[in-house]
Amino acid sequence: MASAGMLTALALAGLAGAAVQLQQADLLPHRGPVALGLGLAAVALAAGLRRLAEGREAAPASRGSASWRRARRSAGALVPALLVLAMAAVVFAATEFRARARLADRLAQALEGQALQVQGRITGLPQAQAAGWRFQVEVEAAWTADGRPRRLPQRLSLAWNRWPGEPPLPPLRSGERWRWTLKLQRPHALANPGLPDRELALFEQGIGATGSVRPHPPPQRLAPAPGLAFDSLREALREAIFRRLVGAPPRAGELPATAAEALPSRPGEREARVIAALSVGDQAAIERRDWALYRDTGIAHLMSISGLHVTLFAWLAGGLIRRAWARAGRLPLRLPAPHAAAWGGLLAALAYARLAGWGVPAQRTVLMLAAFTLLRSLGLRWPWPLTLGAVAWLVTLMDPWALLQPGFWLSFGAVAMLMLGEPAGRVADAPVAVAAGFTARGRAALRAAARSLRPAVLGQARITLGLAPLGLLLFQQFAPLGLLANLLAVPLVTLLLMPLSLAGVLLPPLWDLTAWGLGGLHAGLEALQALGQALGPGVWTAPAAPAWAVAAGLFGGLLAVAPLPLRLRVLALPLMLPMLLPAPARLPEGAWQLLAADIGQGSAVLLRTRHHALLYDAGPRFGPDSEAGERVLLPLLRHLGLRRLDALVLSHGDADHIGGAAALIEGLPPGTVHTSLPPDHALAALATRQGWPWRRCEAGQGWQWDGVRFDWLHPDAATLADPAVPSNGRSCVLRVAGAWPELPGGLPQPQRLLLTGDIGRAEELRLARVGDPDAAGPPPALRAEWLMLAHHGSGLSSHDFFLDAVQPRAAFAQAGHRNRHGHPAAALRERLAARGIALIETPHCGAWQLGPDGATCWRAQARRHWQARGAGGSDGSELAAGPPGNEPACHAGCGREDTAARHDGKPVAVGVSSRRGHADHRPISENPRRGPWPSTSRSTTSPTTSTTAASTCRRRSCACARRRTAARRC
């Protein structure tokens, strides 16, 4: 038992070493060698202490003394600790070296955006989509337009889109060699709380650049696909499935009539996509609506090639091999039937995993089965925690980034739940008994098969209950009807539909039977989904819980399935409740919180008060089969624990602002739509059907939530009634006014936000009352501390006079990474810099969060070494050093009346008060932890402005930025 405990500790230490490295924000030059050196030094020291403990390092005369015996005991106690430390350090160093090698194989920044000639071979299964093809390439050669060779990453991820008016795209086959003209960029993805890390997925696959195929010069096919490659076989099988059930191969580049529509499915295409996923591992073929159905009913793990499929296939194959081997004459004398079944099942699992694309989950499962088979053949009976730990250590050694994948924890968690709740032998033998029952004859064999299903059903119940807290931790959701859905779907999919889909490779008519079964499964799942929605929330969502609640919930899941007395197991429910029902963090009365989502070239801003939520715009439509509502906003709201929106603002009709509106209206309980869109718009009809009231955003109207005031400033009734006004000119301009204390225990200070849509110069002139002979100046209602740059930071918006009228401290722009418009424009950057206005750009910042707790960038908050670096603009870190609005001497006050001044020889911070917009002068309090923040006391002295303040403001801004950085590090 001592040796087993030591081996378990070493395995856990290896996992810990890899996990610590994966949390690093940067790769330091000497950290890997230092860790490796520490590990080797610990091994050497442990070896020396072991010799000392064994008494081989002392003279015979001294070995019997009391001091010698104490030294031996101390040395023996230190050996295990040193070995554990050595294991953690060595695995840390190995992970560091591998990460450094992958980062070195990335596209050079100088080559981003250049037109490059690339020759390469297609790998994996090309994905046919409505916009075109998505595929991966192994690079063979690359050169510039003038013929100079260039070094590119070994693997690329490419998109080949068909644009309206272009000829149809040619079919692509895995293994083909092509020559394309490409435009590449370094891996970059949207960064939002609660969403999967796409950059991590690219990093794990070894993708060093992403890009698109340019139509000119036309791409050339250099060589066809080889006929004997695994990927070519998978491609042929997928095409055969589609031709059998649909009558045509997968289509790519068949654009719908309009960009706002989705491409309709052909008869049989829905089932063909699922069969392709089950047989050849083409999970990307399944439509988004089906993934949503599987997720809401808790069976998404069944529709992708995971550990469950590979393990069950190995068990079924092993059961058949065992029965056949037992009847094979003298063969059982040479190799016992159990060993033959184990190794035969392993080979079958290896073949199936290779046919399914040899994905990371399949690799982990094959490795796990190989470890179990080897231990069983050697006659080693390790305790199951040691076995799981050893297998997890091997998986981590091969793929350390698997620790960041939900599938890793779900796979090992499911096995742990089965082993914890019941003896491993009974659980492991259940599928073999099922296989034996189905191959035997007679009523007795069928009764044996029925009895063998009982442990499988109980095991599924344990997995569903025990993994509920883990599912909440990973996905912030739990399907209450998942247990019932899994009890129906697990045997149907794993024992019938998956074997039939594989048998269809030899007998294609079986695919028709599989499609019929899938139709029945979909009907049952949709009925369960409707039942769940009728009884309450079909999917239970909860915001991220605190660490103590997560620990209690995970322990409660283990307690619920452990073989303990009932009086102890009932304690699992109160342990899980804090995670199921976390106490929401409430904003103070009168305060608001903003989250500007990283949405690409579009707009989506979430505003929350104490009890309400508003979403300003719904993001873009990324393509005919992808939009921001389903892909970004709904998962983001689910992560934040928001089950509904009180208001959805659709500022105007451009596709980059309303692309995700349909998914939000269909996927959330009814709220209210505020918009400038006409009542005959297609979204108005959808909103009416879903019960969302449709209201116009007319200037002069407003409302109040939880002490926060919301007012429409544009458009007015005349603008809304004029059909000649362009869409951008109708943008809803919303002003939000609230307050929160700048320092703990201080008085609330005004905090105002201006959301501007896509307004242009004409609308800005009207709002700022420029040229109005009756106006004494800009209206005080236009002033705001925080500004959303109109039109994603276009140079034709946010003019000088408008910025002077608003007088913001910071402005943010939601734009696409390396967008073709060049937003935010260089001219606008100069206008902001001249006024000292901080610029936050979501491509570099990720989702930007602003509220009473400060301002943060999601990329800076969740920084990891494989993620893209921000370049240019502000990442919001200078606003995150303390509560926002506390640094007027460093913000946009320069060049206007809100400048730094001096009062009685002391520095004075100048802000905008809520009383007629007069300057507010407050003495600055020196706080060694926070830096020079304004004090909460107000001065009644009349405003005085230093004559030197304007000239020194920019220098003070740089100094303040440095001080804020130092304060944040403290």
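All figures in this text were calculated on a predicted structure; none of them were measured in a lab.

Caption draft 1: Spatial organisation of the overall build of the chain. A tally of regular secondary structure across the chain gives 32 helices and 29 strands. Within the chain, buried positions represent 51% of all 970 residues. Counting only carbon and sulfur atoms, one obtains 61% of the accessible surface of the chain, whose full area is about 43100 Å².

Caption draft 2: Main features of the nonpolar core. Among the nonpolar cores identified, the biggest contains 34 residues, and Leu 606, Leu 633, Leu 650, Leu 664 and Leu 683 are the most heavily contacted of them. Taken together, the elements giving at least two residues each to this core come down to strand E11 (613-616), helix H22 (628-639), strand E14 (647-650), helix H24 (661-667) and helix H25 (682-690). For this core, the leading source of residues is H22, giving 6 residues. Those residues in contact with Leu 683, other than ones at most four positions away along the chain, are Leu 650, Ile 658, Ala 661, Ala 662, Ile 665, Leu 677 and Trp 694. Val 605, Phe 710, Trp 712 and Trp 786 belong to the second-largest nonpolar core, a separate cluster that totals 33 residues.

Caption draft 3: A look at the confidence of the model for the chain. Per-residue pLDDT for the chain has a mean of 78; in total, 77% of the residues score no lower than 70. Segment residues 423-443: pLDDT under 50, and 26 contacts once partners within four positions in sequence are set aside and those in other chains are kept. Between residues 880-970, whose pLDDT stays under 50, and residues either more than four places distant or in other chains, the model counts 183 contacts.

Caption draft 4: Highlighting the sheet that holds strand E10 (residues 605-608). Taken in spatial order, the 8 strands make up an open sheet running E16-E15-E14-E11-E10-E9-E24-E25, and their pairing is mixed. Looking along the sheet, the strands with just one partner apiece sit at the ends: strand E16 (694-696) and strand E25 (854-857). When strand polarity is set aside, the average angle formed by the axes of neighbouring strands in this sheet is 15 degrees. Two strands pair when backbone bridges link them, and E11 and E14 are joined in this way by 3 bridges, in the parallel orientation. In the sheet register, Leu 614 faces E14, and the bridge partner there is Ala 647.

Caption draft 5: Quick peek at helix H5 (residues 230-245). For H5, built from 16 residues, the straight-helix expectation of 22 Å at 1.5 Å per residue is met to within 8% by its first-to-last C-alpha distance of 23 Å. Three or more residues of H5 are buried, namely Asp 231, Ser 232, Arg 234, Glu 235, Leu 237, Arg 238, Glu 239, Ile 241, Phe 242 and Leu 245. Those residues of H5 hidden inside the fold are in contact with strand E1 (115-128), helix H6 (269-280), helix H10 (337-355) and helix H18 (509-535). Looking at the residues trailing H5, positive phi occurs at Gly 247, about 90 degrees.

Caption draft 6: Inspection of the UniProt feature "transmembrane region" (unreviewed entry) in the chain at higher detail. UniProt marks residues 34-53, 74-94, 298-321, 333-352, 382-403, 487-511 and 545-566 with the feature "transmembrane region" (unreviewed entry), using the numbering shown here. The span residues 382-403 is 68% helical and 0% strand by assignment, and the distance between its end C-alpha atoms comes to 23 Å.

Caption draft 7: Seen up close, the packing of H5 against H18. Where H5 contacts H18, the two axes come as close as 10 Å, and the packing angle between them is 70 degrees. The orientation of H5 with respect to H18, classified from their angle, is roughly perpendicular. The segment H5 lies against H18, with Leu 237, Ala 240, Ile 241, Arg 244 and Leu 245 engaging Pro 509, Trp 511, Asp 512 and Ala 515. A breakdown of the residues in the contact of H5 with H18 according to their chemical character gives 7 nonpolar, no polar and 2 charged.

Caption draft 8: Summary view of the sheet that holds strand E18 (residues 708-714). Read across the open sheet, the 7 strands follow the order E17-E18-E19-E20-E21-E22-E23; overall the sheet is mixed. Each edge of the open sheet carries a strand with a single partner, namely strand E17 (702-705) and strand E23 (838-841). Recorded for the sheet is a direction-independent mean angle of 20 degrees between the axes of neighbouring strands. As paired elements, E17 and E18 share 4 bridges and run antiparallel to each other. Within E18, the position partnered with Trp 703 by the bridge is Phe 710.

Caption draft 9: Fine view of the state of the cysteines. Under the defined criterion, the tally for this structure stands at 2 disulfides. Across the disulfide, Cys 697 is cross-linked to Cys 732 (sulfur-sulfur distance 1.9 Å). Since a negative S-S torsion denotes a left-handed disulfide, the Cys 697-Cys 732 link at about -60 degrees is left-handed. Here Cys 697 is found in the loop between E16 and E17, whereas its partner Cys 732 is found in the loop between helix H26 (717-721) and strand E19 (733-741), with 35 residues between them in sequence. Here Cys 845 connects covalently by a disulfide to Cys 857, the sulfurs 1.9 Å from one another. What sets the handedness of the Cys 845 and Cys 857 disulfide is the S-S torsion sign, and at about -110 degrees it is left-handed. Taken together, the residues Cys 845 in helix H30 (residues 842-845) and Cys 857 in strand E25 connect sequence positions 12 residues apart.

Caption draft 10: Geometry of the side chain of Gln 814. Tracing the backbone through its elements, the reader meets Gln 814 in the loop between strand E22 (810-813) and helix H29 (826-834). Here Ala 597 takes part through its backbone oxygen, which lies 2.8 Å from a polar atom of the side chain of Gln 814.

Caption draft 11: Seen up close, the packing of aromatic side chains. Under the counting rule described, the total for this entry stands at 15 aromatic pairs. Centre to centre, the rings of Phe 203 and Trp 866 are 6.1 Å apart; their planes meet at 25 degrees, and the pair counts as stacked. Separated by 663 residues along the polypeptide, Phe 203 in helix H4 (residues 198-204) and Trp 866 in the loop between helix H31 (858-861) and strand E26 (901-903) bring together distant segments of the chain. Side by side, Phe 203 and Trp 866 carry an identical accessibility label, which is buried. Members of the aromatic cluster, connected to one another through ring pairs, are Phe 135, Trp 160, Trp 178 and Trp 180.

Caption draft 12: Highlighting unusual backbone geometry. Between His 216 and Pro 217 the backbone carries a cis peptide bond, its omega angle lying at -5 degrees. Here the residue pair His 823 and Pro 824 is connected by a cis peptide bond, since its omega of -10 degrees sits within 30 degrees of zero. Structurally, Pro 824 is set in the loop between E22 and H29. Look at His 792: it is not a glycine, yet its phi comes out positive at around 65 degrees. Secondary-structure assignment places His 792 in the loop between strand E21 (786-788) and helix H28 (800-806). For Gln 807, which is not glycine, the phi torsion reads 55 degrees and is therefore positive. Relative to the elements of secondary structure, Gln 807 occurs in the loop between H28 and E22. A relative accessible area of 10% places Gln 807 in the buried class.

Caption draft 13: The arrangement of the pattern of salt bridges in detail. Under the counting rule described, the total for this entry stands at 26 salt bridges. As a salt-bridge pair, Asp 290 and Arg 270 come within 2.7 Å of each other at their nearest N and O atoms. You can see Asp 290 sitting in helix H7 (residues 288-296) and its partner Arg 270 sitting in helix H6, a full 20 residues away along the chain. The exposure class of Asp 290 is buried, given its relative accessible area of 2%. In this structure, Arg 835 and Asp 800 form a salt bridge, with 2.9 Å as the shortest nitrogen-oxygen distance. Here Arg 835 is found in the loop between H29 and E23, whereas its partner Asp 800 is found in helix H28, with 35 residues between them in sequence. For Arg 835, a relative accessible area of 14% corresponds to the buried category.

Caption draft 14: Just the environment of Ala 562, in detail. Within the element layout of this structure, Ala 562 appears in the loop between helix H19 (547-561) and helix H20 (566-569). In this structure the C-alpha to C-alpha distance between Ala 562 and Gly 466, which are 96 residues apart in sequence, comes to 9.3 Å. Residues contacting Ala 562, with those up to four places away along its chain left out, are Leu 420 and Arg 569.

Caption draft 15: The arrangement of a nonpolar patch on the surface in detail. Taken together, the side chains of Leu 7, Trp 343, Leu 374, Leu 378, Leu 380 and Trp 382 present a nonpolar region at the surface, about 550 Å² in accessible area. The residue Leu 380 is located in the loop between helix H11 (360-377) and helix H12 (384-398) in this model.

Caption draft 16: How the structure looks around the packing of H6 against helix H17 (residues 482-503). Running from N to C, H6 and H17 cross one another at 90 degrees; their axes reach a closest spacing of 9 Å. Considering the angle they form, H6 stands roughly perpendicular to H17. Contact residues: Ile 275, Leu 278 and Ser 279 in H6; Val 493, Met 498, Ser 501 and Leu 502 in H17. Partitioning the contact of H6 with H17 into residue classes produces 5 nonpolar, 2 polar and no charged.

Caption draft 17: Summary view of the side chain of Gln 117. If you trace the backbone, Gln 117 turns up in strand E1. By relative accessible area, which is 18% here, Gln 117 ends up buried. For Gln 117, the residues in contact, after removing those within four places along its chain, are Ala 141, Ala 142, Trp 143, Arg 179, Trp 180, Thr 181 and Pro 217.

Rules used in this analysis
- Residues numbered from 1 in each chain as written.
- Predicted model: local features only at pLDDT ≥ 70, side-chain atom pairs only at ≥ 80, totals over all residues.
- Heavy atoms only, no water.
- Helix = DSSP H or I, 4+ residues; strand = E, 2+ residues; numbered from the N terminus.
- Buried < 20%, exposed > 50% of the residue type's maximum accessible area, 1.4 Å probe, protein only.
- Areas by Shrake-Rupley, 256 points an atom, 1.4 Å probe, with all protein chains shown as cover.
- Core = buried A, V, L, I, M, F, W, Y, C linked by side-chain atoms within 4.5 Å.
- Contact = heavy atoms within 4.5 Å.
- pLDDT = per-residue confidence, 0-100.
- Pairing = 2+ DSSP bridges.
- Axes fitted to C-alpha atoms, helices over the stretch in contact; angles between N-to-C directions.
- Expected span 1.5 Å × (residues − 1).
- UniProt positions renumbered as here; feature names shortened; annotations may be inferred.
- Parallel < 35°, antiparallel > 145°, perpendicular 65-115°, else oblique.
- Nonpolar A, V, L, I, M, F, W, Y, C, P; charged D, E, K, R; others polar.
- Disulfide = S-S within 2.5 Å.
- Polar contact = N/O pair within 3.5 Å; in protein donor to acceptor, adjacent residues only side chain to side chain.
- Phe/Tyr/Trp six-rings, centres within 6.5 Å; stacked < 30°, edge-to-face > 60°.
- Salt bridge = Lys/Arg side-chain N within 4 Å of Asp/Glu carboxyl O.
- Patch = residues over 30% accessible without salt bridge, like charges linked within 9 Å, V, L, I, M, F, W, Y side chains within 5 Å.

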